[in-house]
Amino acid sequence: MSELNALRSRRHWSVLAACCMLLFSTGVQAEWFETEKAIMGTAIGVQAWHDDKQVGEKAVAAVIEEMHRIDRLMSTYKPASEISRVNDTAALGPAAASDELRMLIRKAEYISELTGGAFDITYASVGFLYDFRQRVRPDAAAISDALPSVNFRFVMVDDLAGTVSFAREGVRIDLGGIAKGYAVERGIAILREHGVLHGLVSAGGDTRVLGDRLGRPWRVGIRDPRQDGKMVALLPLKDEAISTSGDYERFFEAEGVRYHHIINPGTGKSAALLRSATVVGPDATLTDALSTSVFVLGVEEGLGVINGLDNFEAVLVDNDGRLHFSHGFSRLAAPE
Ligand code: AMP
Ligand code: MG
């Protein structure tokens, strides 16, 4: 090797070494940061891609903290939560309610209007009589006593005064059909604030993906409502939210009837037209509320609502296990 070549070669190596040092010192080796926790009575999952370990870990921790905060605010299982206080006092007179709680109640009201009342947070006026873990259900008399208090129009939001009031005694609200989606939206916003461009946040049946999964779409499965571990579809998604409502989440069976957590506000009984309803769209708060609504409405009316909305698609599993799709559903399965 001539001296010149040796020099070139040495320079080559030193440039390479400098590049390597630069790579490591700036921490360019990006990685996935992930966690799974049980919050809000459900499984929370967070994934974030970041090239700075500290920021990546901080982002994921901040999402989990936000889930705890929302749970403290909106859980009807916590006697000290804001929603429990509203439920205790809003029939007596206007109850103070935060901007955030009022905003979510208004979103719920919008979905109630859109779905002809299939989505109705006052379902809880009768819903509180069920306990799916303890196999408790109301009899026909208890349902007909409570049912007159189910009507989303009984909830009055006053944004100037910052209050919520109920039009009559016996009204209760529960945000279980929309709050998880909202929490997922907040989680994605927090990942973005930390500079994350590729990520995923899920809370039970509600998921939102941020960007793609490093050049490929995320793949989100829709589980088979009757066979654990099996899936009825696998959807490639980028920058979308997806929510599934199913009769297998919280249920018990008695005398051949499946009693589960999605209540038809018209009857006070578990909705029985479908096994699951999945809605895909740009916002997890809306896909959450819409999947619950479509579950109540069934194939024809449910798909009617989704087909009337831009950017939302649905796939339903009926009681015979058959799949039904919204008109634009094939856009989701488009080849990469
Ligand atoms: P999801 O799993 O998102 O469909 O939400 C189910 C939860 O929504 C239930 O556990 C209840 O808290 C709540 N819920 C049940 N029925 C209704 C309804 N008709 N309208 C609004 N929320 C409901
Ligand atoms: Mg839902």
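This section reports on the structure supplied with the text. Just so you know, these numbers come straight off a predicted model, no measurement behind them.

Rules used in this analysis
- Residues numbered from 1 in each chain as written.
- Chains lettered and ligands numbered in written order.
- Predicted model: local features only at pLDDT ≥ 70, side-chain atom pairs only at ≥ 80, totals over all residues.
- Heavy atoms only, no water.
- Pairing = 2+ DSSP bridges.
- Helix = DSSP H or I, 4+ residues; strand = E, 2+ residues; numbered from the N terminus.
- Contact = heavy atoms within 4.5 Å.
- Axes fitted to C-alpha atoms, helices over the stretch in contact; angles between N-to-C directions.
- Phe/Tyr/Trp six-rings, centres within 6.5 Å; stacked < 30°, edge-to-face > 60°.
- Buried < 20%, exposed > 50% of the residue type's maximum accessible area, 1.4 Å probe, protein only.
- Lys NZ or Arg CZ within 6 Å of the ring centre and 35° of its normal.
- Donors = N, O, S within 2.8 Å, 3.2 Å for Na, K, Ca; no water.
- Salt bridge = Lys/Arg side-chain N within 4 Å of Asp/Glu carboxyl O.
- Near = heavy atom within 4 Å.
- Polar contact = N/O pair within 3.5 Å; in protein donor to acceptor, adjacent residues only side chain to side chain.
- Areas by Shrake-Rupley, 256 points an atom, 1.4 Å probe, with all protein chains shown as cover.
- 1 Å grid on protein atoms, 1.4 Å probe; cavity = no way out; pocket = protein on both sides within 12 Å on 5 of 7 lines; lining within 4 Å.
- Sits in = over half its atoms within 2 Å of the grid points.
- Expected span 1.5 Å × (residues − 1).
- Bend = angle between axes of the 7 residues up to and from the residue.
- Points joined across faces, edges and corners; volume = space filled by probe spheres on them.
- Nonpolar A, V, L, I, M, F, W, Y, C, P; charged D, E, K, R; others polar.

**So, the sheet that holds strand 5 (residues 163–166)**
Then comes step 1: With antiparallel pairing, three strands are arranged side by side in an open sheet as 3-5-4. Either end of the sheet is taken by a strand with one partner, and the two such strands are strand 3 (95–96) and strand 4 (155–158).
Then comes step 2: One ladder, built from four bridges, connects strand 4 with strand 5; its direction is antiparallel. If you follow M156 over to strand 5, its bridge partner there is S165.
Then comes step 3: Running at roughly 130° to strand 4, helix 4 (residues 99–114) makes contact with strand 4 and strand 5 of the sheet.

**Some words on the packing of aromatic side chains**
Then comes step 1: A full pass over the atoms with the stated rule returns six aromatic pairs.
Then comes step 2: Ring centres 5.6 Å apart and planes at 75° place the aromatic pair W32 and W218 in the edge-to-face group. Highlighted residues: W32 in strand 1 (residues 31–39) and W218 in strand 8 (residues 218–223), separated in sequence by 186 residues.
Then comes step 3: Here the aromatic rings of F252 and Y259 are separated by 5.2 Å at their centres, their planes lie at 20°, and the arrangement is stacked.
Then comes step 4: Residue class for F252 comes out buried when judged on its relative accessible area of 4%.
Then comes step 5: Aromatic ring contacts, followed pair by pair, group Y130, F132, F252 and Y259 into a single cluster.
Then comes step 6: Taking the ring centre of F128 as reference, the NZ or CZ of R172 above it sits at 3.6 Å.
Then comes step 7: In this structure, R258 is placed above the aromatic ring of F251, and the distance from its NZ or CZ to the ring centre is 4.0 Å.

**Looking at the coordination of the magnesium ion (ligand 2)**
Then comes step 1: Within the protein, the magnesium ion (ligand 2) binds to D288 (O), D288 (OD) and T292 (OG1); these donor distances fall in the range 2.0 to 2.4 Å. Here T292 and D288 lie together in helix 8 (residues 284–307), a separation of four residues that amounts to about one turn.

**A closer look at the pattern of salt bridges**
Then comes step 1: Within this structure, the stated rule accounts for 20 salt bridges.
Then comes step 2: The salt bridge partner of E313 is R331, with a shortest N-O separation of 3.4 Å. With E313 in strand 16 (residues 313–318) and R331 in the segment after strand 17 (323–325), this pair connects stretches of sequence that are 18 residues apart.
Then comes step 3: Overall, E313 belongs to the buried group, its relative accessible area being 8%.
Then comes step 4: In this structure, the salt-bridge partner of D320 is R322, at a minimum N-O distance of 3.4 Å.
Then comes step 5: Shared partners join several salt bridges into a network, and the residues in it are E66, R69, E100 and R186.

**Structural notes on the site of ligand 1**
Then comes step 1: Residues in contact with ligand 1 amount to 15 residues; listed here are only the nearest, Y123, S245, I263, D288 and T292.
Then comes step 2: Within the backbone of D120, one N or O atom sits 2.9 Å away from a nitrogen atom of ligand 1.
Then comes step 3: Here H261 contributes a side-chain N or O atom positioned 3.5 Å from an oxygen atom of ligand 1.
Then comes step 4: Protein burial of ligand 1: of its 500 Å² of free accessible surface, 96% is covered by the chains.
Then comes step 5: When atoms are counted within 2 Å of each cavity's grid points, the one that captures over half of ligand 1 is the largest pocket.

**Considering helix 3 (residues 82–89)**
Then comes step 1: Those residues of helix 3 not exposed but buried are E82, I83, S84, V86 and N87.
Then comes step 2: Among the structural elements, helix 2 (53–74), strand 3, helix 4 and strand 5 are those in contact with the buried residues of helix 3.

**Notes on helix 8**
Then comes step 1: Compared with an ideal rise of 1.5 Å per residue, which puts 24 residues at 34 Å, helix 8 spans 18 Å between its outermost C-alpha atoms and falls more than 12% short.
Then comes step 2: Taking the largest bend as the criterion, helix 8 deviates by roughly 140°, centred on G298.
Then comes step 3: For helix 8, the tally of buried residues reaches 19 of 24 residues, placing the bulk of the element in the interior.
Then comes step 4: Its side-chain oxygen placed 2.8 Å from the backbone nitrogen of T285, D283 serves as the N-cap of helix 8.

**Quick word on empty space enclosed by the protein**
Then comes step 1: Applying the stated rule across the entire model yields one cavity of 30 Å³ or more.
Then comes step 2: Here the largest cavity is characterised by a volume of approximately 50 Å³.
Then comes step 3: Along the walls of the largest cavity sit I105, A108, E109, I121, F152, V155 and V157, which together make up its complete lining.
Then comes step 4: Only helix 4 and strand 4 provide two or more residues apiece to the lining of the largest cavity.
Then comes step 5: Here the lining of the largest cavity is composed, by residue class, of six nonpolar, no polar and one charged.

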